[in-house]
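Spelled out from the first residue to the last, the chains are:
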Amino acid sequence: FARMFVQVCLYFYCKCLWRCLKFVVRKLTGQCELQRICYNTKPGAARTMKIEASLKGSKSKRLQTSVSVHPDAIEKTIDDIMELKRINPDINPQLGVSLQACLLQIVGYRNLIAEVEKLRRETYDSENPQHEEMLLKLWKCLKPNSPLKARISKQWCEIGFQGDDPKTDFRGMGLLGLYNLVYFAEWDTEIAQQVLSDSLQPKYREVTKKELSQFSKAEWEKKKFDKAIGYSFAIVGINITDLAYNLLVSGALKTHFYNVAPEAPTLTHFQQTFCYLMHEFHKFWIEEDPLDIMEFNRVREKFHKRLLKQLQNPEMALCPHFAASESLINM
């Protein structure tokens with residue numbers, strides 16, 4: 001009964017009291033909710049997410065559907081919003097500019113999900129010359145001094161695939177996994193090669209003085225000779241692609257993209273984010289110092305939770321100025 005009472009109260013508040021409160025505030029300030037958000041919230045995720053929530057929560061269907069219009073229709077949509085809200089564009093010229101920037105980000109995020117989903121659903125086809133060319137480019141970027149002896153070869157294991165033919169490893173993420181790996185290897189070659197090398201011959205995690213004081217002599221002797229655990233570079237790359245995809249689809253990456261993309265976020269923004277996640281996961285893996293590869297899911301889940309917590313901050317930008325080399329250069 002108590003739960004039902006609370007639900008009824010919340011429904012009544014949302015449907016009646018909240019709208020009444022907005023009406024009263026508008027009468028007192030002379031501004032609608034969209035105006036108050038744009039004038040009182042600085043540009044970025046905080047503003048765009050409030051605008052998005054306001055439009056979606058509006059009782060007007062025209063406002064609700066404005067978050068899903070085609071990019072070419074955004075200017076007309078802004079005009080419709082100004083007309084519906086009875087806002088004079090001559091008196092409020094900056095409002096239209098601010099709303100347009102927010103709508104570009106909102107609509108762009110939806111379109112990015114569609115673009116990423118399309119790549120994820122496209123399976124790798126070894127009969128497709130473009131797919132094969134991308135796969136060979138991945139090898140050349142990561143192993144420029146080691147020619148691939150055959151298309152079907154054990155050499156693929158050297159960059160972290162599971163078998164003789166990498167195409168079987170792309171089943172989960174489709175072409176999206178390959179696109180991300182190639183982007184990382186091509187545009188951030190030095191660091192991609194370094195991460196690959198570390199995954200094959202992992203570095204030891206530095207033990208802090210605090211940790212050292214907690215070890216007994218016997219534990220320290222054992223710890224000194226523990227081998228750091230490596231991982232399969234390509235397989236982890238596909239797995240991190242899955243993580244990035246889920247962050248995108250769930251809306252968690254809105255905070256990041258609304259802060260780094262002044263207009264519509266693009267596939268390039270997504271791929272840069274993937275590179276950042278590869279860097280951060282690599283460091284996180286070393287810091288976690290897992291006992292064996294069977295701990296991968298635990299480490300990944302812990303890494304995922306840390307990202308979600310970071311992205312709850314409306315000021316958060318995972319990689320505001322993408323310069324991958326800076327993040328690992330001193331590792």
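Keep in mind that what you see is a predicted model, and the values were worked out from it rather than measured.

About the thresholds
Residues numbered from 1 in each chain as written. Predicted model: local features only at pLDDT ≥ 70, side-chain atom pairs only at ≥ 80, totals over all residues. Heavy atoms only, no water. Helix = DSSP H or I, 4+ residues; strand = E, 2+ residues; numbered from the N terminus. Contact = heavy atoms within 4.5 Å. Areas by Shrake-Rupley, 256 points an atom, 1.4 Å probe, with all protein chains shown as cover. Phe/Tyr/Trp six-rings, centres within 6.5 Å; stacked < 30°, edge-to-face > 60°. Buried < 20%, exposed > 50% of the residue type's maximum accessible area, 1.4 Å probe, protein only. Axes fitted to C-alpha atoms, helices over the stretch in contact; angles between N-to-C directions. Left-handed = near helix turned anticlockwise from the far one by under 90°. pLDDT = per-residue confidence, 0-100. Core = buried A, V, L, I, M, F, W, Y, C linked by side-chain atoms within 4.5 Å. Domains from an automatic or database assignment. Expected span 1.5 Å × (residues − 1). Arc of directions from axis to C-beta. Salt bridge = Lys/Arg side-chain N within 4 Å of Asp/Glu carboxyl O.

Novice: Help me understand the overall build of the protein, please; the structure alone is not making it clear to me.
Specialist: Counting its secondary structure elements, the protein contains 16 helices and zero strands. Restricting the contact set of the protein to residue pairs at least 6 apart, pairs at least 24 apart contribute 68%. For the protein, the accessible area works out to roughly 18,900 Å², and carbon and sulfur atoms hold 55% of it.

Novice: Help me understand the packing of aromatic side chains in this model?
Specialist: Think of a pair of aromatic rings as described by two things: how far the centres are apart, and how the planes are tilted against each other in angle. Tallying each qualifying case throughout the model produces 16 aromatic pairs. An angle of 35 degrees between the planes, with centres 6.1 Å apart, marks the rings of Phe281 and Trp285 as tilted. Taken together, the residues span about one helical turn, with Phe281 and Trp285 both in helix H14 (residues 267-288) at a distance of four residues. Since its relative accessible area comes to 2%, Trp285 is described here as buried. Grouping aromatic residues by their ring pairs yields a cluster made of Tyr231, Phe281, Phe284, Trp285, Phe296 and Phe303.

Novice: Looking at this structure, I do not really get the side chain of Gln155. What am I missing?
Specialist: By the element assignment, Gln155 lies in the loop between helix H7 (129-142) and helix H8 (174-187). Residue class for Gln155 comes out buried when judged on its relative accessible area of 11%. Excluding anything up to four places from it in sequence, Gln155 contacts Trp139, Pro147, Leu148, Lys149 and Ala150.

Novice: Looking at this structure, how should I read the packing of helix H6 (residues 93-121) against helix H12 (residues 233-250)?
Specialist: Geometry of a packed helix pair, given as the angle between the helix axes and the separation of the axes. Where H6 meets H12, the closest approach of the two axes is 10 Å, and the angle between their N-to-C directions is 145 degrees. The handedness of the crossing between H6 and H12 comes out as left-handed. Contacts between H6 and H12 involve Tyr109, Leu112, Ile113, Val116, Glu117 and Arg120 from the first element and Tyr245, Leu247, Leu248 and Val249 from the second.

Novice: Just checking my understanding: could you explain the confidence of the model for the protein for this structure?
Specialist: As a note on interpretation, predicted positions should not be read in detail where pLDDT is low. On average, residues of the protein score 86 in pLDDT, and 81% of them are at 70 or above. Taken together, the stretch residues 23-28 has pLDDT below 50 and engages in seven contacts with residues farther than four places along the chain or on a different chain. Under a pLDDT of 50 for its full length, residues 323-331 has, in the predicted model, 16 contacts with residues more than four places off or in other chains.

Novice: Just checking my understanding: could you explain the nonpolar core for this structure?
Specialist: Where a protein is soluble and globular, its nonpolar side chains tend to be buried together. With 83 residues, the main nonpolar core has Ile51, Leu138, Leu178, Phe270 and Leu277 as its most contacted residues. Both domains that furnish three or more residues to this core are identified here as domain 2 (31-120) and domain 3 (126-312). Sequence-distant contacts of Leu138, defined by excluding residues within four places in its chain, comprise Ile159, Phe161, Leu178, Leu181, Val182 and Ala185.

Novice: What's the story with helix H9 (residues 189-200) in this structure? I'm lost.
Specialist: Residue pairs three or four apart in sequence face the same way in an α-helix, which turns once every 3.6 residues. Relative to the 16 Å expected for 12 residues at 1.5 Å per residue, H9 spans 17 Å between its end C-alpha atoms, a close match to the ideal helical length. Listed as buried for H9 are Ile191, Ala192, Val195, Leu196, Asp198 and Ser199. Down the axis of H9, the sector holding all buried residues measures 165 degrees, keeping them to one side.

Novice: What exactly am I supposed to notice about the pattern of salt bridges here?
Specialist: Oppositely charged side chains may form a pair once their charged atoms are brought near each other. All chains considered together, the criterion is met by 18 salt bridges. Across the pair Lys254 and Glu52 runs a salt bridge whose closest N-O atoms are separated by 3.0 Å. Linking Lys254 in helix H13 (residues 254-260) with Glu52 in helix H3 (residues 45-56), this pair joins segments that are 202 residues apart in sequence. Both residues of the pair, Lys254 and Glu52, count as buried. One continuous salt-bridge network, built from bridges that share partners, spans Glu288, Glu295, Arg298 and Lys302.

Novice: Would you mind going over unusual backbone geometry with me for this structure?
Specialist: For Arg86, which is not glycine, the phi torsion reads 55 degrees and is therefore positive. Position of Arg86 among the secondary structure elements: in the loop between helix H5 (74-84) and H6. Accessibility expressed as a relative area gives 76% for Arg86, which makes it exposed. The phi torsion at Asp289 lies on the positive side, around 50 degrees, for a residue other than glycine. Its place among the elements puts Asp289 in the loop between H14 and helix H15 (296-311). Asp289 gets classed as partly exposed once you look at its relative accessible area, which sits at 22%.

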